[in-house]
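The chain contents come next:
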Amino acid sequence: MNVSGLIPLLLFPGILFAIPAGWFYVWGEHKSIALMQRRIGPPMLQPFYDFVKLLGKRTPSRHGIDADLLRLWPALSVISMLGALALLPVFPSAHGFTGDVVLLVALLEIPSICFILAGFTTGSMYGEIGAIREAVLSLANNLVFLLSIVTIAVTGQTFRLSDVAGWSLNPGHWIGVFGILLCIPAKLRLNPFSTSSAEQEIYSGPLTEYAGAPLGLWKLAHGLEWVALTGFVATLVIPAGGTWWFRVAAFVVISFAQVLLLSIISAATARFTLQSAIRFYWRWAAILALLIAVSAVYMRLRG
Amino acid sequence: MNIFRLILENLRRGTVSFPLPHKHECTSSRYRGLIHNDAERCIGCGLCAYVCPTAAIEVKRSGENYSWSYDPGKCTFCGNCIERCKPHTLTMESKLPPLYSTQGGLKQILNMVRKRPVRPAPAPVAAAEAPKVQETSTVQPAPGNEVSATAPPVANTTDPANTAAVVNTSR
């Protein structure tokens, strides 16, 4: 039995790395935003403390809400994110399989779907509003996200992740990376696309009714989303080849640089209304992404 | 792009918030801190408990004895009790309350013997009028129950014992 295939899932960038890294990235976001607002911010281990605290809390039973379903959605999100991380070709020996980009996109989308379903499961008015907002925002940003991935795949002439990943001189590749970067704030529900979990407006939306261990799992899934999405971009820009430790170091540094960049954007912008967010993705970003994707396909057919 | 300039300035100037627990005093002289009751002067009228909107102050009577309790965990620091306390025995501390980790950690309970309210001693307004005022005054403050001339206590007229005291003094 070949156990080396389990390394990406269990060690790096999987469970052993991703869980503490997720807490670290979340702390990095909170701390950097706090410093930009002249606050002190939380200590480094705060996300870990929060997780442990939430695991130890008893969840009150609610009439008319299926408790198993409430637990299922965050658990599915955590599993899908760990699966997505296992697909990322960080080590030089990682080859993946044809079409793993499609699987990665699907796995990255599962937390958003679970977030929507969780909103409707709770039966809370705020949860339902948040779920509807997340669904609309997901439709808006996924158009650009998918077009960006198609652009990268067409320029790389393959849907195998290990082949499209890495430094490239093709401008289509970089425009695709830029398109993915544009979508990450919406996927992570950060400002200015934090409409679905607007904490001062709809009390965290679908998470309003969550408490205890299921809420802790949501927090964990959110940390893993940070690692998976920033890690995905990192694998697309790390130069091909190189030793494993260089690739690991580059993966961590580029990922954390994105955390800081997204935190700056989050601190510098106010929350968009849902209409403004849709307009941003469908009117401007989508038109740009569509043009790039069509030109990439055209060049591919001619070449 | 003003926001990015503001962010840069914020990063350069450093934080303005203080870490807990506070190492130094950062309150003003009018800060509304914990309530402090002067047990020597409290007459146990219970007005503070009556006006407390969150029942943070409770006065329980048992004959001549009474217990005055204050739970800062319930207190909203509105200052109603201070305002209504006629003998002015309640004060608010101007420093931050200490950190506590157990429920009711800062709760104060004072067990006291009830004192009869007294008419205020006449204010020494003018030296010439002083003897005249002394003639009309029939009650002198008991030892340990002195009240200041600027803060005259008012009798609790709803209590029969106090009503009797008022009647007696008016004869």
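All values derive from a computational prediction rather than experimental measurement.

Some details on the overall build of chain A
Consideration 1: Looking only at helices and strands, chain A features 12 helices and 0 strands.
Consideration 2: Relative to the compact-globule value of 19 Å for 303 residues, chain A shows a C-alpha radius of gyration of 19 Å, a close match.
Consideration 3: Dimensions of chain A, computed from the C-alpha atoms along their principal axes, are close to 60 × 45 × 40 Å.
Consideration 4: Burial statistics for chain A: of 303 residues in total, 48% are counted as buried.
Consideration 5: Long-range contacts, defined here as pairs at least 24 residues apart, represent 80% of the contacts in chain A between residues at least 6 apart.

Comments concerning the overall build of chain B
Consideration 1: Summing up its helical and strand segments, chain B has 5 helices and 5 strands in all.
Consideration 2: Beginning at the N terminus, the succession of helices and strands in chain B can be written as α-β-α-β-β-α-β-β-α-α.
Consideration 3: Burial statistics for chain B: of 171 residues in total, 15% are counted as buried.
Consideration 4: Taking as baseline every contact in chain B between residues at least 6 positions apart, the subset at least 24 positions apart corresponds to 71%.

Observations concerning the packing of helix H4 (residues 67-87) of chain A against helix H5 (residues 100-122) of chain A
All names here are of chain A.
Consideration 1: Two elements in contact, H4 and H5, have axes whose closest approach is 9 Å; the angle formed by their N-to-C orientations is 165°. The angle between H4 and H5 falls in the class roughly antiparallel. Handedness of the H4/H5 crossing: left-handed. Contact with H4, carried on its side by Leu69, Leu70, Trp73, Leu76, Ser77, Ser80, Met81, Gly83, Ala84 and Leu87, involves Asp100, Leu103, Leu104, Leu107, Leu108, Ile110, Pro111, Cys114, Leu117, Ala118 and Thr121 of H5 and no other residues of that element.
Consideration 2: Counted by class, the contact of H4 with H5 contains 16 nonpolar, 4 polar and 1 charged residues.

Points about the interface of chain A and chain B
Often, the extent of an interface is quoted as the loss of accessible area upon association of its parts.
Consideration 1: In this assembly, 9 residues from chain A lie in contact with 10 residues from chain B.
Consideration 2: Contributions of two or more residues to the side of chain A that touches chain B are made by helix H2 (15-36) and helix H11 (244-268) of chain A.
Consideration 3: Counting residues per element, the side of chain A that touches chain B draws most heavily on H11(A), which supplies 3 residues.
Consideration 4: Across the side of chain A that touches chain B, the residue classes break down as 6 nonpolar, 1 polar and 2 charged.

Focus: the sheet that holds strand E2 (residues 57-62) of chain B
Residue and element names in this part refer to chain B.
Consideration 1: Read from one edge to the other, the open sheet built from 3 strands follows the order E2-E3-E5, with strand pairing classed as antiparallel. Both outer strands of the open sheet, E2 and strand E5 (108-113), are each paired with one neighbouring strand and no more. When strand polarity is set aside, the average angle formed by the axes of neighbouring strands in this sheet is 15°.
Consideration 2: Pairing of strand E3 (residues 65-70) with E5 involves 6 bridges; the strand directions are antiparallel. Bridge pairing in E5 links Asn65 to Val113.

What about the pairing of E2(B)?
Each regular strand displays side chains that alternate between the two surfaces of the sheet.
All names here are of chain B.
Consideration 1: Pairing geometry for E2 and E3, over 6 bridges, is antiparallel. Bridge pairing links Val59 to Trp68 in E3.
Consideration 2: Here E2 hands over to E3 after 2 residues, with Gly63 in that stretch at a positive phi of 65°.

Details of unusual backbone geometry
Trans is the common state for peptide bonds, and a negative phi is the common state for residues other than glycine.
All names here are of chain A.
Consideration 1: A cis amide bond links Phe12 to the next residue, Pro13, at an omega of -5°.
Consideration 2: Note on placement: Pro13 falls in the loop between helix H1 (7-10) and H2.
Consideration 3: In this structure, Pro192 follows Asn191 across a cis peptide bond, with omega equal to 0°.
Consideration 4: Counting through the fold element by element, Pro192 comes out in the loop between helix H8 (171-187) and helix H9 (199-202).

Description of H5(A)
Consideration 1: With 23 residues, H5(A) ought to run about 33 Å at 1.5 Å a step, and its terminal C-alpha atoms sit 33 Å apart, in line with that.
Consideration 2: One or two residues past the end of H5(A) sits A:Gly123, with phi positive at roughly 75°.

Re the nonpolar core
Consideration 1: In terms of nonpolar packing, the biggest core is built from 74 residues, with A:Met81, A:Ala84, A:Leu85, A:Ala153, A:Leu224, A:Val227 and A:Ala228 touching the most fellow members.
Consideration 2: Broken down by element, the residue count for this core peaks at 13 residues, all from helix H10 (residues 212-237) of chain A.

As for the environment of A:Trp282
Consideration 1: Within the fold, A:Trp282 resides in helix H12 (residues 274-302).
Consideration 2: Between the C-alpha atoms of A:Trp282 and A:Ala140, which are 142 residues apart in sequence, the distance is 6.2 Å.

Observations concerning the environment of B:Phe18
Residues and elements named next belong to chain B.
Consideration 1: If you trace the backbone, Phe18 turns up in the loop between helix H1 (2-13) and strand E1 (35-37).
Consideration 2: The exposure class assigned to Phe18 is exposed, which follows from the 11 C-beta atoms found within 10 Å.
Consideration 3: When the C-alpha atoms of Phe18 and His36 are compared, they prove to be 26 Å apart, with 18 residues separating the residues in sequence.

Considering the packing of helix H3 (residues 46-55) of chain A against H10(A)
All names here are of chain A.
Consideration 1: Direction vectors running N to C along H3 and H10 enclose 150°, while the axes themselves pass 7 Å from each other. With respect to H10, the element H3 is oriented roughly antiparallel. Every pair of crossing elements has a handedness; the one defined by H3 and H10 is left-handed. Touching Pro47, Asp50, Phe51, Leu54 and Leu55 of H3 are Gly212, Ala213, Leu215, Gly216, Lys219, Leu220 and Gly223, all from H10.
Consideration 2: When its residues are assigned to classes, the contact of H3 with H10 shows 7 nonpolar, 3 polar and 2 charged.

A word on helix H6 (residues 125-156) of chain A
Residues and elements named next belong to chain A.
Consideration 1: Between its first and last C-alpha, H6 extends 45 Å over 32 residues, near the 46 Å set by a 1.5 Å rise per residue.
Consideration 2: Bending of H6 peaks at approximately 30° at the position of Asn142.
Consideration 3: The positive-phi residue at the C-terminal boundary of H6 is Gln157, with phi of around 60°.

What about the confidence of the model for chain B?
Residues and elements named next belong to chain B.
Consideration 1: Scored by pLDDT, chain B comes out at a mean of 73, with 65% of its residues at no less than 70.
Consideration 2: Confidence scores differ between elements of chain B, with helix H5 (residues 160-170) showing the lowest mean pLDDT of 35 and helix H2 (residues 47-51) the highest of 95.
Consideration 3: Counted against residues more than four places away or in other chains, residues 127-171, with its pLDDT under 50, gives 48 contacts.
Consideration 4: Here the prediction assigns the complex a pTM of 0.72, and the interface score ipTM is 0.77.

What counts as what
Residues numbered from 1 in each chain as written. Chains lettered and ligands numbered in written order. Predicted model: local features only at pLDDT ≥ 70, side-chain atom pairs only at ≥ 80, totals over all residues. Helix = DSSP H or I, 4+ residues; strand = E, 2+ residues; numbered from the N terminus. Rg over C-alpha atoms; globule rule 2.2 N^0.38 Å. Buried ≥ 20, exposed ≤ 12 C-beta atoms within 10 Å, placed from the backbone. Contact = placed C-beta atoms within 7 Å. Axes fitted to C-alpha atoms, helices over the stretch in contact; angles between N-to-C directions. Parallel < 35°, antiparallel > 145°, perpendicular 65-115°, else oblique. Left-handed = near helix turned anticlockwise from the far one by under 90°. Nonpolar A, V, L, I, M, F, W, Y, C, P; charged D, E, K, R; others polar. Pairing = 2+ DSSP bridges. Expected span 1.5 Å × (residues − 1). Core = buried A, V, L, I, M, F, W, Y, C linked by C-beta atoms within 7 Å. Bend = angle between axes of the 7 residues up to and from the residue. pLDDT = per-residue confidence, 0-100.

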